[in-house]
Structure formats: structure tokens, C-alpha cells
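Fold and contact review
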Amino acid sequence: MGQQKVLNGEWMQWISHNLGNGCTPDSVVEAMVEGGFEQAFAEAAVQLSEKATSSTFDYGTIHFAHIGHSIRTSDQKVRISARLDKPFIIVMDNVLTDEECDRLIALSRDKLERSRTVNPSTGEDMIVEERTSWGTFFQVNEDAFISRLDRRISEIMCRPAENGEGLQILNYQVGAEYKPHFDYFEGAELDNYLGSGGQRVSTLVLYLNDVGDGGETTFPEVGLSVAPRKGSAVYFEYGNELGQLDRLSLHGGAPVKAGEKWIATKWMRQRAYTSS
Ligand SMILES: O=C(O)CCC(=O)C(=O)O
Ligand SMILES: [Fe+2]
């Protein structure tokens, strides 16, 4: 058997699940070695996972500051339809108008490229089976239209627009999915991706169309799935002021069963972020 060097989402989920269920780190490493990983690689992966999970996440420092059923941004009245405290997840409607959704899709359609993921053992970008969507990016404040959305999103996420990465557009065709993963960086990714902005702390996934069937955003640690609906969005927060990361934020995009799925994703960093 060839040596495994890549820690995919399934292995990451498996490690944190077993540690969370009380398995000793040594037994988890042993099972990984049996599964084809090098001892040193397995130890490093388990250590990282332990570090992220050992301190129970302090939900007292949640950044999302809106109270009540709605969020009034400078140009939109967003409605809150569901909320989960642990992990911290907010589902909301009326974030984008139908016209805004259609326009984002139209502007992206011809620019799509196969989505890439970061290889956590080398920090390099790579194409992986974990992620079978196609995507493209807009620069922060790229034009007046994107600027207006970046401002609204920043008001919803309670973080300055400069802390955001450029809005990412993803398109999933039937069968395409994004297997469960964390949005924060781990392992070798840290060196390559932290940059000036530091760690990722929160995500807003905006749904740009109604999907025929499937394509839910799933949170497997808590058994929650959010159905995509044009103009609505799901917000989740996983990095706090204490530098802790919330492993319950594990999430994925379930396979699309009918139709196609279009989303826009905004990732916020701890500080102002300039892409290199
Ligand atoms: O496709 C989805 O619903 C989730 C997307 C996602 O996890 C991401 O863009 O980071
Ligand atoms: Fe994600």
C-alpha cells in the first residue's frame, strides 16, 4: 500500500470524531498508521486536531451582534429564520434580491474554473475529489455592484469589509458536492494562507438559486442541514477572540440531486486581509 500523505476531510472528521468520543490520541495514531499513514504524519495530524479541540470553544465571545428577527443593513432588511447556539449558526432570508442573485450568476458563468483545495500536508493548492464544484472569485470592492454587496455582507457579519476575502462563487452540477471540512486553516496550510489577515473566523454562504433537489449545506456534528433557497444565506462562526476554533463547525455541501446549485461564499479573517 502507498503511503498516505494527504489528510482529506473524511480523515479530519474521523480524527476529531474519535478524539471527541474519548479515544486516546495514541490509539487514533495507531489506527491511522494501519490505514497507511506514516507515524510522524499521523502524530502531527492528531496533535493539530487535539489542539483545536482541547480547549472547549468559548461561545461567550460570539461576534454576531444582531438581536431580534431581522437585520437592518444600510440597504436591505434581512430576516433571521433559524439560529443554533453550538455551533453558532444563523439561517437568514432576503439577503440578496432575485436580481442580485441572477446578476452574480451571469457575471460568473464564463469565468468558472474547477475548484481547488489546499493540501494540508504541503500547503499547496490542488484539485481533489472532495470538492467537485466549479468556481470563481470577485476582488473586494471590484466594482460598484460588488462593493454594495461586500458592504451589506460586512454589516451582516459584524466585521469590516477589509477583513473579508473576495466573494467566491461556486457552481455545483448534479452529483457535485463539497465533502465535510473546516473553513479555518490547519497544518501546513497555516504558513501559506494566514497572511496579514490571520485565521478565518466566520463564513456566510449565500444561495443564488433554488436547487431542484439535494445540495443542502450540512453540519454533520450536529445533524443539521440547510436547504438552499434563492436569496437566503447561512452564517456560521468558528474562531473566537481567544484563538479557539470550533470543531463543531464541520460542514459540507451535499451532492446536488437535481438541477444545479449556485452559491456565493464570504470568508472573514481576524484582521484586514490583503490577498497576495
Ligand atoms: O456548498 C455549500 O453549501 C457549502 C460551501 C462551503 O462550505 C464553502 O464554500 O466553504
Ligand atoms: Fe466551507
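Heads up: the structure comes first, above all this text.
Reference entry: report on the structure contained in this document. (Residues numbered from 1 in each chain as written. Chains lettered and ligands numbered in written order. Predicted model: local features only at pLDDT ≥ 70, side-chain atom pairs only at ≥ 80, totals over all residues. Heavy atoms only, no water.)

**Structural notes on helix α4 (residues 98–108)**
Regarding α4, the residues found buried are E100, C101, L104, I105 and S108. Viewed end-on, α4 has its buried residues packed into an arc of 135°, placing them on one side of the element. Opposite the buried face of α4, by more than 90 degrees, sit the exposed residues E99 and A106. (Buried < 20%, exposed > 50% of the residue type's maximum accessible area, 1.4 Å probe, protein only. Helix = DSSP H or I, 4+ residues; strand = E, 2+ residues; numbered from the N terminus. Arc of directions from axis to C-beta.)

**A closer look at the site of ligand 1**
Y172, Y178, H181, D183, T217, H251, G253, K261, I263, T265 and W267 make up every residue found near ligand 1. In the model, an oxygen atom of ligand 1 is placed 2.8 Å from a nitrogen or oxygen of the K261 side chain. Burial of ligand 1 by the surrounding chains reaches 100%, relative to a free accessible area of 290 Å². Among the secondary structure elements, those contributing two or more residues to the shell around ligand 1 are β9 (178–181), β15 (251–253) and β17 (261–269). (Near = heavy atom within 4 Å. Polar contact = N/O pair within 3.5 Å; in protein donor to acceptor, adjacent residues only side chain to side chain. Areas by Shrake-Rupley, 256 points an atom, 1.4 Å probe, with all protein chains shown as cover.)

**Notes on the pattern of salt bridges**
Within this structure, the stated rule accounts for 12 salt bridges. With a shortest N-O distance of 3.2 Å, R83 and D85 are connected by a salt bridge. With a closest N to O distance of 3.2 Å, D93 and R229 form a salt bridge. With a gap of 136 residues between them, D93 in strand β3 (residues 88–93) and R229 in the loop between β13 (224–226) and β14 (233–237) connect regions that are remote in the sequence. The buried category is assigned to D93, whose relative accessible area is 13%. According to the relative accessible area criterion, R229 is partly exposed, its value standing at 46%. Connected via shared salt-bridge partners are D75, E100, R148 and R152. (Salt bridge = Lys/Arg side-chain N within 4 Å of Asp/Glu carboxyl O.)

**Here we look at the environment of A31**
Residue position: A31 is located in helix α2 (residues 25–34). Accessibility expressed as a relative area gives 28% for A31, which makes it partly exposed. Each C-alpha atom of the pair A31 and I15 lies 9.9 Å from the other, and the pair is 16 residues apart in sequence.

**Here's the deal with the coordination of the iron ion (ligand 2)**
The protein atoms that coordinate the iron ion (ligand 2) are H181 (NE2), D183 (OD) and H251 (NE2), at distances spanning 2.1 Å. In the primary sequence, the donor residues of the iron ion (ligand 2) line up as H-x1-D-x67-H. For the residue pair H181 and D183, the accessibility class agrees, reading buried in each case. (Donors = N, O, S within 2.8 Å, 3.2 Å for Na, K, Ca; no water.)

**A word on the packing of aromatic side chains**
Taken as a whole and assessed by the stated rule, the structure comprises nine aromatic pairs. Note on F88 and Y235: the rings are 6.4 Å apart at their centroids and 85° apart in plane angle, and the pair reads as edge-to-face. Separated by 147 residues along the polypeptide, F88 in strand β3 and Y235 in strand β14 bring together distant segments of the chain. Note on accessibility: F88 and Y235 belong to one class, buried. Ring geometry for F236 versus Y238: centroids 6.0 Å apart, planes at 50°, classification tilted. (Phe/Tyr/Trp six-rings, centres within 6.5 Å; stacked < 30°, edge-to-face > 60°.)

As far as function goes, none of this settles anything; it's purely spatial.
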